[in-house]
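Given next are the chains, with one letter for each unit.
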Amino acid sequence: MLPSPTSVVSPHSIFHHPPPPLVTLVVFLVLLILVHKLKRRNHHTTPPLKPRLPPGSMGWPYIGETLKLYTQNPNSFFSNREKRYGEIFKTHILGCPCVMISSPKLAKIVLVSQSHMFKPTYPPSKEKMIGPEAVFFHQGPYHSHLKKLIQSSFLPSAIKGSVSQIEDVVLRFLLTWEHRITINTLHEMKKYAFEVAMLSVFGNKLESEIEGIRDLYQCLEKGYNSMPLDLPGTPFNKAMKARKGLNEKLRRVIEKRKEMSGGEGLLGALLSNEAEGKMKLSESQIADNIIGVIFAAHDTTASVLTWLLKYLHDNPHLLHAVRREQEEIRCKRLEANRRITWDDTRQMPLSTRVIQETLRAASILSFTYREAVEDVEMEGYLIPKGWKVLPLFRSIHYSSHFFPHPHKFDPSRFEVAPRPNTYMPFGKGAHSCPGSELAKLEMLVFLHHLTTTFKWEVIGEDGVQYGPFPVPRDGLPIKVYSANK
Ligand code: HEM
């Protein structure tokens, strides 16, 4: 917090008639000592200087540094400024003054220890589309109540029972790969992650309305990253119509579920809360959070899975070792004539480290946004109220202090736990990801069947695209072959 400025005491002097020379000297010396003492006292009572803004450039009037960020590789944008200004610097993006931070210590202050000073912030168009009552947009009691409910649906104890259902989705998907030569990895992973998200939200018993929800959701997604121009025919306008349609369909599903007292999945948890007479959630609060969770679960996991295939392809020795690990589990399964289990997924140390390293190297959420709710002083710098604050996860994940040779894909670095607050693929603090265990589980189950059934070869060129998450160029087209060939 900033100290309030106090007034500065001005020095004063005392003069009498001209005195004789010796007396003058003594008086002069006494005065000198007095003035010196006064000066020292004044020095102590002067308040500390008002903190300065962090170093950095605010760019051009109005446009700030937006063009620079959007016309160059965002990683270079951040790393160039970090090299020049250090771990906290200011800039101006999309009409907003921002402070970017790239040290674990400062990220912890923003996301954990002083998180009440920094509220989540999203463009109003995104809030409208997902639903303003979704968990992301809130702080305080409403947020913590919702977060507990959502988290309870995605704890290991809650998702353990869904391994077979996730496996069914994987097997259904991979069956369709058998007769295809080329696959667009990102498209396929999106379909897979969407199915798992639907499963975790609605459970295994799906009502007739669910098909309609799928179609409307696809339409909503298309408009999400479009210009927020609400005119007839624009993708944004179509997405907003789809959002209204989703409300209607969800309302009907909620009504049916109430009759059967809750049911499975997140929806069941949100409704059972109501039955237990705790803070009652309205239908629109439930709908906004159902859409919000599908949204948060789906593109993120699909993008990480796409990188997983890319990194394994580029590191054949690792792919070989992962395949060996998975083959051993497969042999045990076949001997016992059983499906994959939760316990199997806990016996995949190398595959788990490969996923951890993929999350670091891909850093698909390069940063997150918060907004200072009042003037905040940090490391002697001022972050004014209303400014955006961006903890840069990717910069921390690529710091050679915490991850030696950060550009090398090296899962063995996770044989030792990372230092506190240096590894944040799922965020940190009150808004950290409640779906991290589900995401890792669906990646492990997928990896098990993929590596024991198929080999793949990347076709097309290297490169990264942003849509909005960084993903391999063109969604990573691959050729697939049977693993036994
Ligand atoms: C690999 C996949 C995933 C990654 C990398 C990821 C990453 C993140 C990160 C970094 C945050 C924190 C954002 C912030 O602090 O502003 C977050 C929040 C969130 N994630 Fe995930 N996530 C993934 C998968 C999932 C899944 C599968 C679910 C569904 C259960 C999910 C649901 C959520 C929700 C609801 C929030 C908001 C929490 C809050 O605001 O309190 N995520 N995620």
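This structure is a prediction, so every number in the text was calculated from the model and none was measured.

Chemist: Quick rundown of the overall build of the chain? Include the residues and the values.
Modeler: Helices and strands together make up the secondary structure of the chain, namely 18 helices and twelve strands. Counting the 485 residues in the chain, one finds 36% classified as buried. In the chain, once contacts between residues fewer than 6 apart in sequence are set aside, the share between residues at least 24 apart is 73%.

Chemist: Could you give an account of the site of the ligand, naming the residues involved and the relevant values?
Modeler: Looking at the ligand, there are 25 residues lining it, with Ala296, Ala297, Gly427, Cys433 and Gly435 nearest. Mapped onto the shell around the ligand, the elements with two or more residues apiece are helix 6 (140–154), helix 13 (283–314) and helix 18 (436–453). With seven residues, helix 13 is the single largest residue contributor to the shell around the ligand. Among the residues forming the shell around the ligand, the class breakdown is 16 nonpolar, eight polar and one charged.

Chemist: Outline the nonpolar core, listing residues and values.
Modeler: Grouped together as the largest cluster of nonpolar side chains are 108 residues, with contacts concentrated most on Ile101, Val201, Ile290, Ile294, Leu308, Val389 and Met443. Ranked by residues supplied to this core, first place goes to helix 13 with 17 residues. Those residues in contact with Ile294, other than ones at most four positions away along the chain, are Ala197, Met198, Val201 and Tyr217.

Chemist: Summarise helix 3 (residues 74–85); cite the residues concerned and give the values.
Modeler: Spanning twelve residues, helix 3 covers 17 Å between terminal C-alpha atoms, matching the ideal 16 Å at 1.5 Å per step. Along helix 3, the positions that sit buried rather than exposed are Phe78, Arg81 and Glu82. Looking straight down helix 3, one finds that the buried residues subtend no more than 105° of arc, so they occupy a single side. Of the exposed residues in helix 3, those oriented more than 90 degrees away from the buried face are Ser76, Lys83 and Arg84. Check the buried side of helix 3 and you find it contacts strand 1 (88–93), strand 2 (96–101) and helix 17 (393–397).

Chemist: So what about the UniProt feature "binding site: heme" (unreviewed entry) in the chain? Which residues, and what values?
Modeler: Mapped onto this numbering, the UniProt entry gives "binding site: heme" (unreviewed entry) at Cys433. Relative to the elements of secondary structure, Cys433 occurs in the loop between helix 17 and helix 18. Overall, the presence of 19 C-beta atoms within 10 Å leaves Cys433 in the partly exposed class.

Chemist: Tell me what's going on with helix 11 (residues 235–259), and back it up with residues and numbers.
Modeler: Between its first and last C-alpha, helix 11 extends 36 Å over 25 residues, near the 36 Å set by a 1.5 Å rise per residue. Restricting attention to buried positions, one finds in helix 11 the residues Phe236, Ala239, Ala242, Arg243, Leu246, Lys249, Leu250, Val253 and Arg257.

Chemist: Would you mind going over the sheet that holds strand 2 in detail, with residue names and values included?
Modeler: If you walk across this open sheet you meet the five strands as 1-2-8-5-3, and the pairing is mixed. Both edges of this open sheet fall to strand 1 and strand 3 (118–120), since each of them pairs with a single strand only. Neighbour to neighbour, the strand axes of the sheet diverge by 35° on average, direction disregarded. Pairing of strand 1 with strand 2, which is carried by six bridges, proceeds in the antiparallel orientation.

Chemist: A description of the sheet that holds strand 4 (residues 182–184) should follow, citing residues and the corresponding values.
Modeler: In spatial order, the strands read 4-12-9; together these three strands make up an open sheet with antiparallel pairing. Every interior strand has two partners, whereas the edge strands, strand 4 and strand 9 (454–458), have only one. Pairs of neighbouring strands in the sheet enclose a mean axial angle of 40°, with direction left out of account. Where strand 4 meets strand 12 (residues 477–482), three bridges bridge the pair, whose relative direction is antiparallel. Bridge pairing in strand 12 links Ile183 to Ile478. Against the sheet, helix 9 (residues 185–202) makes contact with strand 4 and strand 12, and its axis sits at roughly 60° relative to strand 4, the strand it touches most.

Chemist: How would you sum up the pairing of strand 8 (residues 388–391)? Please name residues and give values.
Modeler: A two-sided burial pattern is seen for strand 8, the buried positions comprising Lys388 and Leu390 on one face and Val389 and Pro391 on the other. One ladder, built from four bridges, connects strand 2 with strand 8; its direction is parallel. Bridge pairing in strand 8 places Ile101 opposite Pro391. One ladder, built from two bridges, connects strand 5 (residues 370–372) with strand 8; its direction is antiparallel. From the neighbouring strand, Arg370 faces strand 8, where its bridge partner is Val389.

Chemist: Give a detailed account of the packing of helix 11 against helix 13, specifying residues and quantitative values.
Modeler: Running from N to C, helix 11 and helix 13 cross one another at 110°; their axes reach a closest spacing of 10 Å. Judged by the angle between their axes, helix 11 and helix 13 are roughly perpendicular. Crossing of helix 11 over helix 13 shows right-handed handedness. On the side of helix 11, the interface is formed by Leu246, Asn247, Leu250, Arg251 and Ile254, while helix 13 contributes Glu283, Ile286, Ala287, Ile290 and Ile291. In the contact of helix 11 with helix 13, the residues fall into seven nonpolar, one polar and two charged.

About the cut-offs
Residues numbered from 1 in each chain as written. Predicted model: local features only at pLDDT ≥ 70, side-chain atom pairs only at ≥ 80, totals over all residues. Helix = DSSP H or I, 4+ residues; strand = E, 2+ residues; numbered from the N terminus. Buried ≥ 20, exposed ≤ 12 C-beta atoms within 10 Å, placed from the backbone. Contact = placed C-beta atoms within 7 Å. Near = placed C-beta within 6 Å. Nonpolar A, V, L, I, M, F, W, Y, C, P; charged D, E, K, R; others polar. Core = buried A, V, L, I, M, F, W, Y, C linked by C-beta atoms within 7 Å. Expected span 1.5 Å × (residues − 1). Arc of directions from axis to C-beta. UniProt positions renumbered as here; feature names shortened; annotations may be inferred. Pairing = 2+ DSSP bridges. Axes fitted to C-alpha atoms, helices over the stretch in contact; angles between N-to-C directions. Parallel < 35°, antiparallel > 145°, perpendicular 65-115°, else oblique. Left-handed = near helix turned anticlockwise from the far one by under 90°.

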